[in-house]
Amino acid sequence: EAGVAQSPRYKIIEKRQSVAFWCNPISGHATLYWYQQILGQGPKLLIQFQNNGVVDDSQLPKDRFSAERLKGVDSTLKIQPAKLEDSAVYLCASSPRLEGTDTQYFGPGTRLTVL
Amino acid sequence: KNQVEQSPQSLIILEGKNCTLQCNYTVSPFSNLRWYKQDTGRGPVSLTIMTFSENTKSNGRYTATLDADTKQSSLHITASQLSDSASYICVVSAWDGNNRLAFGKGNQVVVIP
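Rules used in this analysis
Note on numbering: residues in each chain are counted from 1, in written sequence order. Chain A is the first chain written and ligand 1 is the first ligand written, with later ones labelled in order. Selection of residues for local features in this predicted model requires a pLDDT of at least 70, selection of side-chain atom pairs for listing and counting requires 80 or more, and totals for whole chains, interfaces and linings are taken over all residues. Values shown for side chains rest on all heavy atoms present in the structure; no hydrogens or waters enter the calculation. Put simply, DSSP marks the helices as runs of H or I at least four residues long and the strands as runs of E at least two long, and each gets a number from the N terminus on. Residue contacts are defined here by distance: any two heavy atoms, one from each residue, within 4.5 Å place the two residues in contact. Relative accessibility decides the category of a residue: with a 1.4 Å probe and only protein chains considered, values under 20% of the type maximum give buried, values over 50% give exposed, and everything between is partly exposed. Any N or O atom pair separated by 3.5 Å or less is treated as a polar contact, with the protein-specific requirement of one donor-capable and one acceptor-capable atom, and with residues adjacent in sequence counted only for side-chain atom pairs. When DSSP finds two or more bridges between a pair of strands, those strands are recorded as paired. A residue's pLDDT is the confidence the predictor assigns to it, expressed on a 0 to 100 scale. Under this scheme, a helix contributes an axis fitted over its contacting stretch, all axes are lines through C-alpha atoms, and angles between N-to-C directions fall in the 0 to 180 degree range. Values labelled buried area give the accessible surface lost by two parts on being combined, using a 1.4 Å probe and summing over both. In the sections that follow, a salt bridge refers to a side-chain nitrogen of Lys or Arg positioned within 4 Å of a carboxyl oxygen of Asp or Glu. Pairing of aromatic rings covers Phe, Tyr and the six-membered ring of Trp, with a centre-to-centre limit of 6.5 Å; geometry is then stacked below 30 degrees between planes, edge-to-face above 60, and tilted otherwise.

*Asks:* Break down the overall build of chain B for me, citing the residues and quoting the values.
*Replies:* Looking only at helices and strands, one finds zero helices and 11 strands in chain B. Of the regular secondary structure in chain B, the N- to C-terminal order runs β-β-β-β-β-β-β-β-β-β-β. Considering only C-alpha atoms, chain B reaches an extent of 45 × 25 × 20 Å along its principal axes. Long-range contacts, defined here as pairs at least 24 residues apart, represent 55% of the contacts in chain B between residues at least 6 apart.

*Asks:* For the environment of A:Asp86, give the residues involved together with the corresponding values.
*Replies:* All names here are of chain A. Structurally, the position occupied by Asp86 is in the loop between β8 (75-79) and β9 (88-95). A relative accessible area of 2% means that Asp86 is categorised as buried. Taking the C-alpha atoms as reference, Asp86 lies 8.4 Å from Ile38; in sequence the two are 48 residues apart. Side chain to side chain, Asp86 and Arg64 meet in a polar contact 2.5 Å long.

*Asks:* Provide a residue-level description of the pairing of strand β3 (residues 19-24) of chain A, including the pertinent values.
*Replies:* Residues and elements named next belong to chain A. Only one face of β3 is covered, namely the face carrying Val19, Phe21 and Cys23; the face carrying Ala20, Trp22 and Asn24 is uncovered. As judged from the three bridges shared by strand β1 (residues 5-7) and β3, these two strands associate in the antiparallel manner. Each residue of the ladder has a partner; that of Gln6, found in β3, is Cys23.

*Asks:* Give me the lowdown on the confidence of the model for chain B, citing residues and values where you can.
*Replies:* Taken over all residues, the pLDDT of chain B has a mean of 93, while the share at 70 or more is 100%. By mean pLDDT, the top-scoring element of chain B is strand β8 (residues 72-77) of chain B (97), and the lowest-scoring one is strand β10 (residues 99-103) of chain B (84).

*Asks:* Account for the sheet that holds strand β3 (residues 19-26) of chain B, naming residues and giving values.
*Replies:* Either a parallel or an antiparallel arrangement is found when strands of a sheet pair, and the pairing is made through backbone hydrogen bonds. Residues and elements named next belong to chain B. Spatial ordering of the open sheet is given by β1-β3-β8-β7-β6, a layout of five strands whose pairing is antiparallel. Only two strands of the sheet have a single partner each, and these edge strands are β1 (3-7) and β6 (56-59). Taken over all neighbouring pairs, the strand axes of this sheet differ in orientation by 15 degrees on average, direction set aside. As judged from the four bridges shared by β6 and strand β7 (residues 62-67), these two strands associate in the antiparallel manner.

*Asks:* Give a detailed account of the interface of chain B and chain A, specifying residues and quantitative values.
*Replies:* Quite often, the size of an interface is put as the accessible area lost when its parts meet. Between chain B and chain A, the contact holds 22 residues from the first and 22 residues from the second. Taken together, both faces of the contact between chain B and chain A bury some 1600 Å²; the carbon and sulfur share is 48%. For the chain B face of the interface with chain A, the top three residues by lost area are B:Asn99, B:Phe103 and B:Lys105, together amounting to 28%. Inspection of the chain B/chain A interface yields zero salt bridges. Counting across the interface, chain B meets chain A through three residue pairs in polar contact (both at pLDDT 80 or more). The set of elements that each furnish at least two residues to the side of chain B that touches chain A consists of β4 (30-38), β5 (45-51), β9 (86-95) and β10 of chain B.

*Asks:* Mind laying out the packing of aromatic side chains, listing which residues take part and the relevant values?
*Replies:* Taken as a whole and judged by the stated rule, the model has eight aromatic pairs over all chains. With a centroid separation of 5.0 Å and an interplanar angle of 25 degrees, the aromatic rings of A:Phe21 and A:Tyr90 are classed as stacked. You can see A:Phe21 sitting in strand β3 and its partner A:Tyr90 sitting in strand β9, a full 69 residues away along the chain. Considering the side-chain rings of B:Tyr62 and B:Tyr88, the 5.9 Å spacing of their centres and the 45 degrees angle between planes classify their relative orientation as tilted.

What follows is the structure, encoded as structure tokens:
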């Protein structure tokens, strides 16, 4: 079974520039998550999708971050404009359903450096 | 506010030795607790999951315990190997019709030969 795919793996940009990350979840997984993981900390949920609908985006900085999941499969996360504090690893995860005991499967992450 | 605290923040152990990682949480309503292993440069991978009624779960050399009364969990690594060097993240799930996860900051384990 193929895992969660993310691209790019690394990205370096200057502040105020824009950047987009892509995620392809495990086939058939209804739920998709985007996390931000700052060095030395645990992941922080940014947004959660159930199919192509948003379940939770309460911690997404909506003035600069946006995400979409067209057709309930792939998803993109965009930052516009980027700030220095956005430097982090952005993890995408998927799970079969929206059940509490479902395992979340994580992708390798995209490491963003904002200069 | 749902919170997860892990200790120690980091530790170094000799190959072949055992170690125990701690996780304290204040999460409600509690659904389950997972331990994840995150290798450097990779996403977290689930090791164990325990629900309210379970107090121990093993996965190879990893054994997790849960005391739902005191809201504490531990992850014990037996006969550590170099490949155990990683961050171990405690994740507690609260279920209120939506699965809300609270992540700890992780225990950074370094195994040296």
